[in-house]
Amino acid sequence: IEFQEPLDRAMLDHAIRIFDPRGRRVAGQTIISNNEQRWSLRPESMWQTGRYKIQVDARLEDRAGNCPAYPFEVQLDAEASTSVKGTELAFYIHEG
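Report on the accompanying structure. Because the structure is a prediction, the values reported are computed rather than measured. (Residues numbered from 1 in each chain as written. Predicted model: local features only at pLDDT ≥ 70, side-chain atom pairs only at ≥ 80, totals over all residues. Heavy atoms only, no water.)

## Re the overall build of the chain
Now for step 1: Looking only at helices and strands, the chain has two helices and five strands in total.
Now for step 2: For the chain, the succession of helices and strands along the chain, N to C, is α-β-β-β-β-α-β.
Now for step 3: For the chain, buried positions account for 28% of its 96 residues.
Now for step 4: Across the chain, every contact between residues at least 6 apart in sequence was considered, and the portion connecting residues at least 24 apart equals 62%.
Now for step 5: Split by element, the accessible area of the chain, about 6800 Å² in all, is 49% carbon and sulfur. (Helix = DSSP H or I, 4+ residues; strand = E, 2+ residues; numbered from the N terminus. Buried < 20%, exposed > 50% of the residue type's maximum accessible area, 1.4 Å probe, protein only. Contact = heavy atoms within 4.5 Å. Areas by Shrake-Rupley, 256 points an atom, 1.4 Å probe, with all protein chains shown as cover.)

Below you can see the structure in the form of structure tokens.
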């Protein structure tokens, strides 16, 4: 995953997760590179065919401390802070 600007290193280590087609978290080594603008995962096992999900925690911050849950460090209202959970994106692994 590549970002337009460097993101908070400590959060990158924990804020992005990948889940396999059975809903289990993919175990492996997280690699942060390119001046904290690239996140990748070296899985412990071979990728299997199927639909995977990337889950990104809404608290992932840029270096200024901005994040989707609290833009510009201002909590807009109590409802907004509890409704922002994160983002999920799907991707597929195909044989061949």
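## Overview of the packing of aromatic side chains
Now for step 1: In this structure the tally under the stated criterion is one aromatic pair.
Now for step 2: Consider the rings of W47 and Y52, whose centres lie 5.1 Å apart with planes at 80°: the pair is edge-to-face.
Now for step 3: Given the relative accessible area of 32%, W47 is considered partly exposed. (Phe/Tyr/Trp six-rings, centres within 6.5 Å; stacked < 30°, edge-to-face > 60°.)

## Some thoughts on the pattern of salt bridges
Close approach of charged atoms allows side chains with opposite charge to pair.
Now for step 1: For the coordinates displayed, the defined rule picks out four salt bridges.
Now for step 2: Where R9 meets D13, a salt bridge forms, and the shortest distance between an N and an O atom there is 3.5 Å. Pair noted here: R9 and D13 are both in helix 1 (residues 9–15), with a separation of four residues, about one helical turn. (Salt bridge = Lys/Arg side-chain N within 4 Å of Asp/Glu carboxyl O.)

## As for the nonpolar core
Now for step 1: Counting 14 residues, the largest nonpolar core has F3, L12, I16, I18 and W39 as its most contacted members.
Now for step 2: Only helix 1, strand 1 (16–19), strand 3 (38–43) and strand 4 (50–57) provide two or more residues apiece to this core.
Now for step 3: In contact with L12, other than residues within four places in its own chain, are F3, L7, T30, I32, E36, W39 and L60. (Core = buried A, V, L, I, M, F, W, Y, C linked by side-chain atoms within 4.5 Å.)

## A few points about the environment of R51
Now for step 1: Relative to the assigned elements, R51 resides in strand 4.
Now for step 2: A residue is classified by how much of its surface remains accessible, and R51, at 41% relative accessible area, is partly exposed.
Now for step 3: Counting along the chain gives 31 residues from R51 to D20, while the straight-line C-alpha distance between them is 6.9 Å.
Now for step 4: Here R51 is in contact with D20, P21, A90, F91 and Y92, once residues within four sequence places are set aside.

## Some points on unusual backbone geometry
Now for step 1: Of note in the backbone geometry, N35 takes a positive phi value of approximately 55° without being a glycine.
Now for step 2: If you check the backbone angles, E36 has positive phi at about 65° while not being a glycine.

## Considerations on the side chain of D57
Now for step 1: With respect to the secondary-structure elements, D57 resides in strand 4.
Now for step 2: For D57, a relative accessible area of 15% corresponds to the buried category.
Now for step 3: Among the polar contacts made by the side chain of D57, one reaches the main-chain amide nitrogen of R59 at a distance of 2.7 Å. (Polar contact = N/O pair within 3.5 Å; in protein donor to acceptor, adjacent residues only side chain to side chain.)

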